[in-house]
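Single-letter residue listing:
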Amino acid sequence: MARWPRSFPPYPDPVRPLGVGIVQAVAAHFPQVSKTLVRHAIALWKQQRMTPYLQALIAGGPRYDLDGNPQGAVSLEHQQSAREELAAWRARRQQKKPQATFQPDQPASASDEDTQVD
């Protein structure tokens, strides 16, 4: 994020779709680090910005390289995939929410009646 702030902005800055091949581009700058670790780091960055990143893909438009320059465009297939992923993610979140149950008002207890003033 510090090295390429235009491509990996910190929260709450807006995110933009990353260029195809961004893992290889980052890995080329860090030959001592495995591509798997680079892939995981980028995946974590995306996961922490799940909704805005998917919304940026859905909106379409250009993808961006490490320096923040346009590099290709978001394909219709990637837009559709992002729509489906966002819908599935929202559905999973809804399932995890505790469901509030309706509790009718309880009648006053005997001790409550003793403390009432007429």
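What this report covers is the structure whose coordinates are included nearby.

Quick notes on the rules
- Residues numbered from 1 in each chain as written.
- Predicted model: local features only at pLDDT ≥ 70, side-chain atom pairs only at ≥ 80, totals over all residues.
- Heavy atoms only, no water.
- Helix = DSSP H or I, 4+ residues; strand = E, 2+ residues; numbered from the N terminus.
- Polar contact = N/O pair within 3.5 Å; in protein donor to acceptor, adjacent residues only side chain to side chain.
- Contact = heavy atoms within 4.5 Å.
- Pairing = 2+ DSSP bridges.
- 1 Å grid on protein atoms, 1.4 Å probe; cavity = no way out; pocket = protein on both sides within 12 Å on 5 of 7 lines; lining within 4 Å.
- Points joined across faces, edges and corners; volume = space filled by probe spheres on them.
- Nonpolar A, V, L, I, M, F, W, Y, C, P; charged D, E, K, R; others polar.
- Core = buried A, V, L, I, M, F, W, Y, C linked by side-chain atoms within 4.5 Å.
- Buried < 20%, exposed > 50% of the residue type's maximum accessible area, 1.4 Å probe, protein only.

A few words on the side chain of Arg49. Locating Arg49 in the fold gives a position in the loop between helix H2 (35-47) and helix H3 (50-59). Within polar-contact distance, the side chain of Arg49 engages the backbone oxygen of Pro9 at 3.5 Å. Apart from the residues lying within four places of it in its own chain, the contact partners of Arg49 are Met1, Pro9, Pro10, Tyr11 and Val15.

Here the focus is the pairing of strand S2 (residues 70-73). Here strand S1 (residues 62-64) runs beside S2; their pairing, made up of two bridges, is antiparallel. Paired with Pro62 across the two strands is Ala73, which belongs to S2. In this structure, the hairpin formed by S1 and S2 is closed by a connection of five residues, where Gly68 is found at a positive phi of approximately 85°.

Turning next to the layout of surface pockets. Size it by volume and the largest pocket reaches roughly 390 Å³. In terms of lining residues, the largest pocket is bounded by 19 residues, among which Lys46, Tyr53, Leu57, Arg63 and Glu85 are the most central. Those elements that place two or more of their residues in the lining of the largest pocket are helix H1 (22-29), H2, H3 and helix H4 (76-96). Considering each element in turn, the lining of the largest pocket owes the most residues, five residues, to H2. Considering only residue class, the lining of the largest pocket consists of 11 nonpolar, four polar and four charged. Looking at the second largest pocket, its volume works out to about 230 Å³. Surrounding the second largest pocket, Met1, Arg3, Trp4, Phe8, Val26, Phe30, Val33, Leu37, Val38, Ala41, Ile42 and Trp45 form its lining. Broken down by element, the residue count for the lining of the second largest pocket peaks at five residues, all from H2. Split into classes, the residues belonging to the lining of the second largest pocket amount to 11 nonpolar, no polar and one charged.

Turning to the nonpolar core, a few remarks are in order. The biggest cluster of nonpolar side chains holds 20 residues, and the ones touching the most others in it are Phe8, Leu18, Ile22, Val26 and Ile42. Elements represented by at least two residues in this core include exactly H1, H2, H3 and H4. Each residue touching Phe8, except ones within four places of it in the same chain, is listed here: Met1, Leu18, Ile22, Val26, Ile42, Trp45 and Leu66.

Read these as spatial facts, not as claims about activity.
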